Amino acid sequence: MTKYRKMLNAYYSKNTICDYFPLHIYIEPTNICNLSCSHCPHRMMKRKKGFMGLTLYEKIINECKIMSIEWVYLFHVGEVLLHKDISSMINMAKTAGIKIRLHINGTIDASNLKVDEL
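Since the model is a prediction, treat every value here as computed from it, not as a measurement. (Residues numbered from 1 in each chain as written. Predicted model: local features only at pLDDT ≥ 70, side-chain atom pairs only at ≥ 80, totals over all residues. Heavy atoms only, no water.)

Caption draft 1: Layout of the environment of Asn91. Among the secondary structure elements, Asn91 is positioned in helix H3 (residues 86–95). Judged by relative accessible area, which is 43%, Asn91 ranks as partly exposed. With 22 residues separating them in the primary sequence, Asn91 and Leu113 have C-alpha atoms 9.2 Å apart. (Helix = DSSP H or I, 4+ residues; strand = E, 2+ residues; numbered from the N terminus. Buried < 20%, exposed > 50% of the residue type's maximum accessible area, 1.4 Å probe, protein only.)

Right, dumping it as structure tokens:
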């Protein structure tokens, strides 16, 4: 049975415990943003602002590879393209055989990045 079928079966069965790893994960490389949109919760964020280090990111990617995670979404409340190491982060995941999806605000050119989905 595929992971997608297991996921659907768990959802429709209303299981509260899953016997499979997630299909994809979200990673927040930074929670810093260059905009202040009225609809975004970033303006009210109380967490310390900063950037994820490459050592932690590499550890997460290695664990994702072991667990056969298919997709990593680089996204949360920050603009990921503000991270100075975003190209390295993308390349690390791609080398591990993991697909990358970026969620960006469109203010920075991402055309040179080798991602699977924008």
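Now, onward.
Caption draft 2: Representation of the side chain of Asn31. Relative to the helices and strands, Asn31 is located in the loop between strand E1 (24–27) and helix H2 (54–66). Note on Asn31: relative accessible area 4%, which makes it buried. Here Gly50 takes part through its backbone nitrogen, which lies 2.8 Å from a polar atom of the side chain of Asn31. Here Asn31 is in contact with His42, Met45, Arg47, Lys48, Lys49, Gly50, Val77 and Gly78, once residues within four sequence places are set aside. (Polar contact = N/O pair within 3.5 Å; in protein donor to acceptor, adjacent residues only side chain to side chain. Contact = heavy atoms within 4.5 Å.)

Caption draft 3: Structural detail: the pattern of salt bridges. This model, assessed by the stated rule, comprises five salt bridges. Two residues, Arg47 and Glu28, come together in a salt bridge whose shortest N-O distance is 2.9 Å. Placement of the pair is Arg47 in the loop between E1 and H2 and Glu28 in the loop between E1 and H2, with a sequence separation of 19 residues. In this structure, Lys94 and Asp116 form a salt bridge, with 2.6 Å as the shortest nitrogen-oxygen distance. Placement of Lys94 in helix H3 and of Asp116 in the segment after strand E3 (99–102) is noted, with a sequence separation of 22 residues between them. With a relative accessible area of 32%, Lys94 lands in the partly exposed category. (Salt bridge = Lys/Arg side-chain N within 4 Å of Asp/Glu carboxyl O.)

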